[in-house]
Amino acid sequence: SATGRRGSPQRLRLHERERTYGVGWLPEPQALVKTLRLLFAQATRFGTITSRPRRELAPLARTFAENGLELDRVEVEDAEGLPEALRSLYQREAAALWLGVDPVTSEPEAFAIVRTAALQLRMPLITPFDPGPEGKALAGIWVPPAESGRAACRVIEPLLKDEEPPAHTAVAATELSIDVGVAEALGFKVPEPALKAAVRVYGVKTR
């Protein structure tokens, strides 16, 4: 279409720039902290495992600190270091593990290691996606796909108007899923406000 030609990446010369455009699919730090507060009202320390440089987690750690929380970061180089990383967080009395997204932990085999170790240590595992009924994680905190789609439209619209889109479009909305079966196995009592806020609750026993 004429509109499509006017707003093409070539016309805007976007392909000539070392810049990436996209939509963030991880929960925004403030939204993540708010949801974690629902699950762990009295907790002050949370853990995460990462192979990324400290500066990449700095905005998240700063938001935690601004809300009176601590994000305890443990570095790993590969999947072999995951069990020890979990034990370290357990010894430091982290209330839960926020998995985030990382080249190491994102691999299916590595995620299985983390999930198993977390259950063995009785440490609540929080994932950035809906783990589903067989996920064996306490909860998932994620960006709703519909909201990601709307955000993507906000990136595309300027292109169609011959304008440059924002480099990064954040999504403030989050959804929560909880597995009460995992909570029972961990000896963790899910607060009522968190159950009411959850869009999906797994592991509910039926009579």
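Structural data are supplied above this passage.
Treat the numbers as computed from the prediction; the structure is a model and nothing was measured. (Residues numbered from 1 in each chain as written. Predicted model: local features only at pLDDT ≥ 70, side-chain atom pairs only at ≥ 80, totals over all residues. Heavy atoms only, no water.)

Draft legend 1. Spatial organisation of the environment of Tyr90. Checked against the element boundaries, Tyr90 lands in helix H5 (residues 82-91). For the pair Tyr90 and Gly47, spaced 43 residues apart in sequence, the C-alpha to C-alpha distance is 8.8 Å. Apart from residues lying up to four places away in sequence, Tyr90 is in contact with Leu121 and Met123. (Helix = DSSP H or I, 4+ residues; strand = E, 2+ residues; numbered from the N terminus. Contact = heavy atoms within 4.5 Å.)

Draft legend 2. Quick look at the side chain of Asp72. The topology assignment puts Asp72 in strand E3 (residues 70-75). There is a polar contact of 2.7 Å between the side chain of Asp72 and the side chain of Arg92. In this view, Asp72 contacts Arg45, Phe46, Gly47, Thr48, Leu89 and Arg92; residues no more than four positions away in its chain are not counted. (Polar contact = N/O pair within 3.5 Å; in protein donor to acceptor, adjacent residues only side chain to side chain.)

Draft legend 3. Expanded view of the pattern of salt bridges. As enumerated under the stated definition, the model contains six salt bridges in all. In this structure, the salt-bridge partner of Glu84 is Arg87, at a minimum N-O distance of 3.1 Å. With Glu84 and Arg87 both in helix H5 and three residues apart, the pair spans about one turn of that helix. Take Glu84: its relative accessible area is 44%, and that puts it in the partly exposed class. For the salt bridge of Asp130 with Arg200, the shortest nitrogen-to-oxygen distance reads 2.4 Å. Placement of Asp130 in the loop between strand E5 (125-127) and strand E6 (139-142) and of Arg200 in strand E9 (residues 200-202) is noted, with a sequence separation of 70 residues between them. (Salt bridge = Lys/Arg side-chain N within 4 Å of Asp/Glu carboxyl O. Buried < 20%, exposed > 50% of the residue type's maximum accessible area, 1.4 Å probe, protein only.)

Draft legend 4. Representation of helix H6 (residues 108-121) within the structure. Between its first and last C-alpha atoms H6 spans 20 Å; for 14 residues at 1.5 Å apiece the expected length is 20 Å, and the two agree. If you check which residues of H6 are buried, you get Ala110, Phe111, Val114, Ala117, Ala118 and Leu121. An end-on view of H6 places all buried positions within 135° of arc, on one side of the element. In this structure, H6 carries Pro108, Glu109 and Gln120 as exposed residues pointing more than 90 degrees from its buried face. Considering only its buried residues, H6 is in contact with H5, strand E4 (97-98), E5 and helix H8 (180-186). Trailing H6 by a residue or two, Arg122 shows a phi angle of about 60°, which is positive. (Expected span 1.5 Å × (residues − 1). Arc of directions from axis to C-beta.)

Draft legend 5. Spatial organisation of the packing of H5 against H6. At a closest axis distance of 9 Å, the pairing of H5 and H6 adopts a crossing angle of 35°. Note on packing geometry: the crossing formed by H5 with H6 is right-handed. Across the interface between the two elements, Leu82, Pro83, Leu86, Arg87 and Tyr90 from H5 touch Ala110, Ile113, Val114, Ala117, Ala118 and Leu121 from H6. Of the residues contributing to the contact of H5 with H6, the split by class is ten nonpolar, no polar and one charged. (Axes fitted to C-alpha atoms, helices over the stretch in contact; angles between N-to-C directions. Left-handed = near helix turned anticlockwise from the far one by under 90°. Nonpolar A, V, L, I, M, F, W, Y, C, P; charged D, E, K, R; others polar.)

Draft legend 6. Inspection of the nonpolar core at higher detail. Grouped together as the largest cluster of nonpolar side chains are 26 residues, with contacts concentrated most on Leu39, Phe40, Phe64 and Ile126. Secondary-structure elements contributing two or more residues to this core are helix H3 (29-39), helix H4 (54-66), E6, strand E8 (175-179) and H8. If you tally residues by element for this core, the top one is H3, at four residues. For Ile126, the residues in contact, after removing those within four places along its chain, are Leu36, Leu39, Phe40, Ala96, Leu97, Trp98, Leu99, Leu138, Ala139 and Ile141. Formed by 20 residues, the second largest nonpolar core is a distinct cluster that contains Ile49, Val76, Val104 and Leu121. (Core = buried A, V, L, I, M, F, W, Y, C linked by side-chain atoms within 4.5 Å.)

Draft legend 7. The pairing of strand E2 (residues 45-50), seen in detail. Counting buried residues in E2 gives five out of six residues, a clear majority hidden from the surface. Bridge count for E2 against E3 is six bridges, and the pairing is parallel. The residue of E3 that forms the bridge with Gly47 is Asp72. Considered for its hand, the β-α-β crossover made up of E2, H4 and E3 is right-handed. (Pairing = 2+ DSSP bridges. Right-handed = clockwise from strand over helix to strand, strands pointing away.)

Draft legend 8. Geometry of the side chain of Arg73. Tracing the chain through its elements places Arg73 in strand E3. A relative accessible area of 12% places Arg73 in the buried class. Of note is the side chain of Arg73, whose polar atom sits 2.5 Å from the backbone oxygen of Arg52.

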